[in-house]
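Given next are the chains, with one letter for each unit.
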Amino acid sequence: MEKYLSVIAKCPIFEGISFEEISAMLSCLQSKKEYFEKGSYILQTGESLDSVGLLLSGKGMIVQEDFWGNRNILSEILPGQIFGEAFACSSKNVLNVNAAAEKNSWVLWLNVGRILKTCPTACEHHNKVIRNLLSALAQKNILLNEKLTHMGQRKTREKLMSYLSSQAQKSGKPEFEIPFNRQQLADYLSVERSAMSMELSRLKSDGIIDFDKNRFKLLQTR
């Protein structure tokens, strides 16, 4: 586990906690490491969950799939990020989403009951983890609301512009990379890939954006 300490320390729930304190806490939180091959499910709809997942390496996606296999991408998972925390903390914690491995991945599972139940000594670093977990839950809620803002736009062009505008604002500059390929972006925005590709080409022809694969640049139109 030592080689992953720097990744674990980047995780939002361990913010402000030293390597030494993290090492001491991992056994207390009943942590266990698990490997997932590219293309496999880390979590599946219908499963129950009592642990928070922390991605140590690789990449994952949180995806909703309906009965017919239509996909709606909710978010990506990168090393140092947690997932499944809302379901693990809920008393009714049956999953309605899948977590899929986009690359070969290692995941660290942290027992949420051990996180929420403070130590008998009420150590300060454990209290920090609880506060950080609450903050992480709030941040995920904000991201989902942001996705709803994009999807609430009526047309594919408007959805694209809403999403690309938010990515530019986050990066603080008009040129940025997005974490999705074309199919994943279409799934994220819940639009047809072909229609989305046509709109991207139109936006480029209209001088509103420029792009090369997943790198975009928003252009001034005045």
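Here the structure is a predicted model, which means the values were calculated and not measured.

A look at the overall build of the chain
Phase 1: Along the chain, the regular secondary structure elements total 8 helices and 11 strands.
Phase 2: Seen through its C-alpha atoms, the chain measures out along the principal axes to roughly 65 × 40 × 30 Å.
Phase 3: Looking at the chain residue by residue over its 222 residues, the buried ones come to 41%.
Phase 4: Considering only intrachain contacts with a sequence separation of at least 6, the fraction spanning at least 24 residues in the chain is 70%.
Phase 5: Seen as two clouds, the 29 positive and the 24 negative side-chain charges of the chain have centres 3 Å apart.

Description of the pattern of salt bridges
Phase 1: Here the structure, examined in full by the defined rule, presents 10 salt bridges.
Phase 2: Between Arg71 and Asp187 there is a salt bridge, with its nearest N and O atoms 3.0 Å apart. Of this pair, Arg71 sits in strand β5 (residues 71–77) while Asp187 sits in helix α7 (residues 182–189); the two residues are 116 residues apart in sequence, bridging distant segments of the chain.
Phase 3: The exposure class of Arg71 is partly exposed, given its relative accessible area of 33%.
Phase 4: A residue is classified by how much of its surface remains accessible, and Asp187, at 9% relative accessible area, is buried.
Phase 5: Between Arg215 and Glu177 there is a salt bridge, with the nearest N and O atoms lying 3.4 Å from each other. In this pair, Arg215 sits in strand β11 (residues 215–218) while Glu177 sits in strand β9 (residues 175–177), placing the two residues 38 residues apart along the sequence.
Phase 6: Assessed through its relative accessible area of 31%, Arg215 is described here as partly exposed.

Here's the deal with unusual backbone geometry
Phase 1: With a phi angle near 55°, Gln30 is a residue other than glycine that sits in the positive phi range.
Phase 2: With respect to the helices, strands and loops of the structure, Gln30 is situated in the loop between α2 (19–28) and β1 (32–36).
Phase 3: The exposure class of Gln30 is partly exposed, given its relative accessible area of 41%.
Phase 4: The backbone of Ser190 sits at a positive phi, close to 55°, despite the residue not being glycine.
Phase 5: Relative to the assigned elements, Ser190 resides in the loop between α7 and α8 (193–205).
Phase 6: Here Ser190 falls in the partly exposed class, since its relative accessible area comes to 36%.

How each quantity is defined
Residue numbers restart at each chain and count upward from 1, following the sequence in its written direction. Side-chain atom pairs in this predicted model are given and counted only at pLDDT of 80 or more, local residue features only at pLDDT of at least 70, and totals for whole chains, interfaces and linings cover all residues. To get the side-chain values, all heavy atoms of the structure are used, and hydrogens and water are removed first. Runs of H or I in DSSP of at least four residues are treated as helices and runs of E of at least two as strands, each being numbered from the N terminus. The cut-offs for exposure are 20% and 50% of the maximum accessible area for each residue type, with area from a 1.4 Å probe on protein chains only; residues under the lower value are buried, those over the upper are exposed, and the others partly exposed. Here a residue-residue contact requires only that any non-hydrogen atoms of the pair lie within 4.5 Å. This count recognises Lys and Arg as positive and Asp and Glu as negative, with His and chain-terminal groups excluded. Where a charge sits is defined by one atom per residue type, namely NZ (Lys), CZ (Arg), CG (Asp) or CD (Glu). We define a salt bridge as a side-chain nitrogen of Lys or Arg found within 4 Å of a carboxyl oxygen belonging to Asp or Glu.

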